[in-house]
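# Examination of the molecular architecture
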Amino acid sequence: MSGDLTQSVLKRIIRQVGLECAAQGQSLSETLVAFMVKAVVLDPRNDFNMDRTLTENDMQDLIQLCVTRLLDTTNPSLSTIKMQVYFDMNYANRDELLSEQERVLEGKLAPVVRAITESGPHAQEEMENVYQKIVTYVLLRSGLGSPTDIEAVREVTAALQSIFPQTEMITFVSLSKRDKEQQLKDLAMLVTGIRLYNKQCQKGGSCIDDLPGILSEAIPSATRTLDERLNSCQLLAHRYTALLEAMQQDPQRFSQLRFLKLKEALFNVRQYEAFLCILQSNAITSAQEVESLDVQFEAAMTVLKNTVQDKTSIESREVFVIIYIIFLKKLGFCDGCQLLFPSQKLLNLLASFSHICQSSEISKYVIFCKFYGEKKSNSRHTIRALRRSETRVNASDFTNQEWLFPETTDNFDQLLIQYHGFCAHSIGVKGITLPGNPAIGILKHKEKYYVFSSKDAACVFAEDPDKFIQLNIEKAKKYAELIQLLELHHQFEYLIPHAQARKASKGSRKPPLKRESGTQTDTHILPPTIVRSYEWNEWELRRKAIKLANLRRMLTHSMQTDLSHMRRENCTQVYLPKDAGTQTKRDNSSNVPKPQIFLKGLRGGSSPTTHMVAVDLTRPLDET
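Here's a quick rundown of the structure. Just so we're clear, the structure is a prediction, and the values are computed from it rather than from any experiment. Chains are numbered independently. Their residues run from 1 in the order of the written sequence. Per-residue local features are limited, in this predicted model, to residues with pLDDT of at least 70; the limit for side-chain atom pairs, both in listing and counting, is 80 or more; totals at the level of whole chains, interfaces and linings are taken over all residues. To get the side-chain values, take all heavy atoms of the structure and skip hydrogens and water.

### Considering the overall build of the chain
We count it as follows: Labels follow the DSSP assignment, with helices taken as runs of H or I lasting at least four residues and strands as runs of E lasting at least two, numbered in each case from the N terminus. Relative accessible area decides the class of each residue, using a 1.4 Å probe on protein chains only: under 20% of the type maximum gives buried, over 50% gives exposed, and in between gives partly exposed. Contacts: residue pairs with any heavy atoms within 4.5 Å of one another. Note on areas: these come from Shrake-Rupley sampling with a 1.4 Å probe, and a residue is covered only by the protein chains present in the view.
In terms of helices and strands, the chain carries 18 helices and five strands. Of all 624 residues assigned to the chain, the portion counted as buried reaches 38%. If you take every contact in the chain between residues at least 6 apart in sequence, the share linking residues at least 24 apart comes to 69%. Summed over all atoms, the accessible surface of the chain reaches about 38900 Å², with 52% contributed by carbon and sulfur.

### What about helix 2 (residues 30-42)?
Defined as follows: Expected helix span is computed as 1.5 Å times (number of residues minus one).
Over its 13 residues, helix 2 runs 18 Å from end to end, which matches the ideal 18 Å to within 8%, given 1.5 Å per residue. Among the 13 residues of helix 2, 11 are classified as buried, and the element is accordingly described as predominantly covered. Buried residues in helix 2 make contact with helix 1 (7-23), helix 3 (56-71), helix 4 (76-90), helix 16 (465-478) and helix 17 (482-485).

### Examining the packing of aromatic side chains
Defined as follows: For Phe, Tyr and Trp, where Trp contributes only its six-membered ring, two rings pair if their centres lie within 6.5 Å, and the inter-plane angle classes them as stacked under 30 degrees, edge-to-face over 60, or tilted in between. Only when the NZ of Lys or the CZ of Arg is both within 6 Å of the ring centre and within 35 degrees of the ring normal is a charge said to sit over the ring.
What the rule picks out here adds up to 10 aromatic pairs. Ring centres of F398 and W403 lie 5.7 Å apart, and the angle between their planes is 50 degrees; this geometry places the pair in the tilted category. You'll find F398 and W403 in the same group, each marked buried. Plain terms: the ring middles of Y450 and F461 are 5.4 Å apart, the flat faces sit at 45 degrees to each other, and that makes the pair tilted. Placement of the pair is Y450 in strand 3 (residues 448-450) and F461 in helix 15 (residues 455-463), with a sequence separation of 11 residues. The buried category is assigned to F461, whose relative accessible area is 0%. Ring pairing ties together the aromatic residues F398, W403, Y419, Y450, F452, F461 and F468, which thus form one cluster. Directly above the ring of F172 sits K180, whose terminal nitrogen or CZ lies 5.9 Å from the centroid. One residue, K467, lies across the ring of F468, its end atom 5.5 Å from the ring centre.

### Some details on the sheet that holds strand 2 (residues 442-445)
Selection criterion: In this description, strands pair whenever DSSP reports at least two bridges between them. A fitted line through C-alpha atoms represents every axis, and for helices the fit uses only the stretch in contact; the resulting angles, taken between N-to-C directions, go from 0 to 180 degrees.
What the three strands build is an open sheet, ordered 1-2-3; its pairing is antiparallel. Unpaired on one side and paired on the other, strand 1 (402-404) and strand 3 mark the two borders of the sheet. On average, each strand axis in the sheet is inclined to that of its neighbour by 35 degrees, with strand direction left out of account. The pairing of strand 2 with strand 3 spans three bridges and is classified as antiparallel. Bridging from a neighbouring strand, K444 pairs with Y449 of strand 3.

### Describing the packing of helix 6 (residues 124-142) against helix 9 (residues 177-200)
The description of two packed helices rests on the angle between their axes and on the distance between the axes. Cut-off, in case you're wondering: Any angle from 65 to 115 degrees is called roughly perpendicular, while one under 35 is roughly parallel, one over 145 is roughly antiparallel, and all others are oblique. In this scheme the crossing of two helices becomes right-handed for a clockwise turn of the near helix relative to the far one and left-handed for an anticlockwise turn of less than a right angle. Under the scheme applied here, ten amino acids are nonpolar (Ala, Val, Leu, Ile, Met, Phe, Trp, Tyr, Cys and Pro), four are charged (Asp, Glu, Lys and Arg), and all others, including Gly, are polar.
Remark: helix 6 packs on helix 9, axes separated minimally by 9 Å, with the N-to-C direction vectors making an angle of 65 degrees. As summarised for this structure, helix 6 and helix 9 are arranged roughly perpendicular, according to the angle between their axes. The handedness of the crossing between helix 6 and helix 9 comes out as right-handed. In this structure, helix 6 uses I134, Y137, V138, L139, R141 and S142 to contact helix 9, whose residues at the interface are L184, K185, L187, A188, V191, T192 and R195. Classifying every residue of the contact of helix 6 with helix 9 by side-chain character gives eight nonpolar, two polar and three charged.

### A look at the environment of L443
Looking at the element boundaries, L443 is found in strand 2. L443 gets classed as buried once you look at its relative accessible area, which sits at 0%. On a C-alpha basis, the gap between L443 and A395 in space is 9.7 Å, while along the polypeptide they are 48 residues apart. Those residues in contact with L443 that sit more than four places away from it in its chain are Q401, E402, W403, K448, Y449, Y450, F452, F461, A462 and P465.

### Quick word on the nonpolar core
Let me state the cut-off plainly: Take the buried residues of types Ala, Val, Leu, Ile, Met, Phe, Trp, Tyr and Cys, join any two whose side-chain atoms come within 4.5 Å, and each joined set is a nonpolar core. Boundaries between domains were set according to an automatic or database domain assignment.
The biggest cluster of nonpolar side chains holds 59 residues, and the ones touching the most others in it are L350, W403, Y419, F452, F461 and L486. Among the elements of the structure, helix 4, helix 10 (211-249), helix 11 (259-308), helix 12 (316-357), helix 15, helix 16 and helix 17 are those that each provide at least two residues to this core. For this core, the element with the most residues is helix 11, which contributes 10 residues. Mapping this core onto the domain boundaries places at least three of its residues in each of domain 3 (211-372) and domain 4 (395-498). If sequence neighbours within four positions are ignored, F461 has contacts with A424, H425, L443, Y450, F452, F468 and I469. Formed by 27 residues, the second largest nonpolar core is a distinct cluster that contains C21, M36, V41 and M59.

### Notes on the environment of K261
One can find K261 in helix 11. Overall, K261 belongs to the buried group, its relative accessible area being 10%. Once the C-alpha coordinates of K261 and P76 are considered, the two residues, 185 residues apart in sequence, prove to be 7.2 Å apart.

### Here's the deal with the pairing of strand 2
When strand 1 meets strand 2, the two strands line up antiparallel, connected through three bridges. Among the inter-strand pairings, E402 is bridged to a residue of strand 2, identified as K444. Counted between consecutive antiparallel strands, the loop separating strand 2 from strand 3 contains two residues, among which K446 sits at a positive phi close to 55 degrees.

### Concerning the side chain of T433
Counting through the fold element by element, T433 comes out in the loop between helix 14 (426-429) and strand 2. Of the residues examined, T433 reaches a relative accessible area of 0% and is grouped as buried. In this view, T433 contacts T241, L266, F267, R270, F422, L485 and L486; residues no more than four positions away in its chain are not counted.

### Description of the pattern of salt bridges
Selection rule: Salt bridges are defined by distance alone: a side-chain nitrogen of Lys or Arg within 4 Å of a carboxyl oxygen of Asp or Glu.
What the rule picks out here adds up to 12 salt bridges. Taking the shortest distance from any N to any O, the salt bridge between E538 and R542 comes out at 2.8 Å. Here R542 and E538 lie together in helix 18 (residues 538-552), a separation of four residues that amounts to about one turn. With relative accessibility at 42%, the residue R542 sits in the partly exposed group. One salt bridge connects E540 with R543, and the closest N-O pair in it is separated by 2.6 Å. Taken as a pair, E540 and R543 lie in helix 18 at a separation of three residues, close to a single helical turn. Overall, the relative accessible area of 45% leaves R543 in the partly exposed class.

Structure representation (structure tokens):
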């Protein structure tokens with residue numbers, strides 16, 4: 001909004017409007033009053049100039065207009081805004097609701113956990129007291145029974161003693177607080193799984209509710225209720241639409257009916273239909289998950305029965321894994337119950353806002369629609385359906401526009417359609433919400449997608465899309481309930497509470513929870529172990545080796561000149577002289593004939609006298 005309407009002035013106006021409504025017997029939430037104040041200022045019919053400062057008279061006029069609109073209980077627009085504000089503040093998706101339930105459970109269990117983990121029992125009686133508190137914790141954590149139910153306490157105690165006897169308390173007490181909390185959660189899971197198994201074997205568990213049976217009956221019942229209300233809502237929307245189209249074509253014939261009131265009633269029904277579709281989608285998802293969980297739960301039970309059947313000793317780890325699986329499936333059933341009952345409560349309260357819309361003056365519109373709409377509505381919508389199925393936009397007629405069709409576009413059904421799937425042409429021109437038909441063709445304009453109720457509407461819109469988009473924005477300024485119905489939050493963020501926290505994929509606009517936190521860590525707990533001289537590169541090691549080798553051959557030089565004479569000491573360093581010696585050696589040889597002398601007659605003979613003859617066979621020198 002304009003900076004002239006400061007937060008202090010706005011709060012003052014909201015407070016004054018709330019007080020005057022309370023004086024008239026209407027206790028309204030601050031969120032609803034704030035939305036109405038901003039919606040009244042935004043409506044151009046109220047002639048509040050947002051570019052100038054509001055005077056005291058302007059503020060009084062604004063307060064009176066807001067009080068008048070908030071006290072008009074027969075106004076369908078007010079009922080629609082109340083429905084939107086209530087749904088916005090109370091609806092939460094699956095993850096948010098389950099996290100909130102977990103937070104509430106942790107808050108309830110916090111005193112018991114604190115009494116168990118922070119106690120240091122030593123005597124036997126103190127040990128028994130802590131053990132009983134563990135039994136209470138396990139029972140509350142599982143949600144299967146009450147601590148005041150003696151039968152449930154006995155079952156939990158027996159199951160707990162089978163996996164955690166009292167003799168283990170000495171070890172449990174010596175654990176740290178974090179380990180104690182983790183062991184408590186593990187014990188709760190195991191004990192719950194054992195109790196569910198005993199119930200399946202008909203050996204106990206009389207105090208345990210049959211959650212699969214409850215959900216198998218409650219979810220189909222809730223789905224049928226949603227289907228019935230959604231069908232009746234869609235039928236009423238068709239009747240309103242047919243009557244509004246007829247009033248636009250022949251105003252004189254329907255002069256006794258108020259066009260604006262009927263238009264607001266149509267917006268109310270369309271918003272109620274949108275919320276019912278969200279709840280129906282959640283119910284279908286829950287039904288599918290419960291069906292899958294039921295099959296997995298029975299399979300886990302069968303595996304556990306086959307594991308422990310006719311066996312005297314079983315490995316605990318094998319059994320505990322199956323029991324953990326059983327507990328997780330049971331947790332899924334509990335989540336299903338926690339999601340189902342808030343949805344039913346929300347459904348009933350949304351219906352009350354819709355019933356308000358159909359009271360008093362609107363009731364005669366309903367009666368008239370039944371008389372007129374039964375004849376015209378079916379035929380009119382049949383003709384519209386035939387036109388939709390037979391005609392589509394010729395993309396070649398619009399060279400500057402991009403048209404998407406089912407057979408030429410991937411993920412055609414997953415495109416994010418603007419205006420909640422309503423016809424982008426009828427909103428600003430006719431002032432009514434007609435469902436669009438994607439089969440005619442989806443117009444892609446500035447990275448946004450638009451659908452239309454007829455080929456003619458699509459062609460007219462495609463000629464000047466920005467003009468009709470601005471018309472739709474102006475229509476939303478006059479009817480503030482269209483902002484949420486047509487999903488125009490990005491253009492009216494200042495009007496929506498907590499709009500800055502809203503995400504495109506979520507319906508909740510609650511501000512995120514925040515809290516201060518701090519952490520501190522020690523620096524350099526261990527001495528550094530980095531070796532600075534380490535080198536992994538082989539070439540770097542070679543470079544250093546060459547550098548050392550060159551340094552070994554280096555000499556230090558110094559000299560003195562006349563300019564530096566008597567200014568500093570000079571020194572010269574040289575290597576000391578070393579002992580030097582030489583040694584030579586020469587080998588020489590000569591080759592001479594080897595003497596060879598043969599002696600004959602040394603062995604004697606037949607004569608008594610020995611005659612020896614010496615024969616010199618040595619070769620001469622010139623032959624060698």
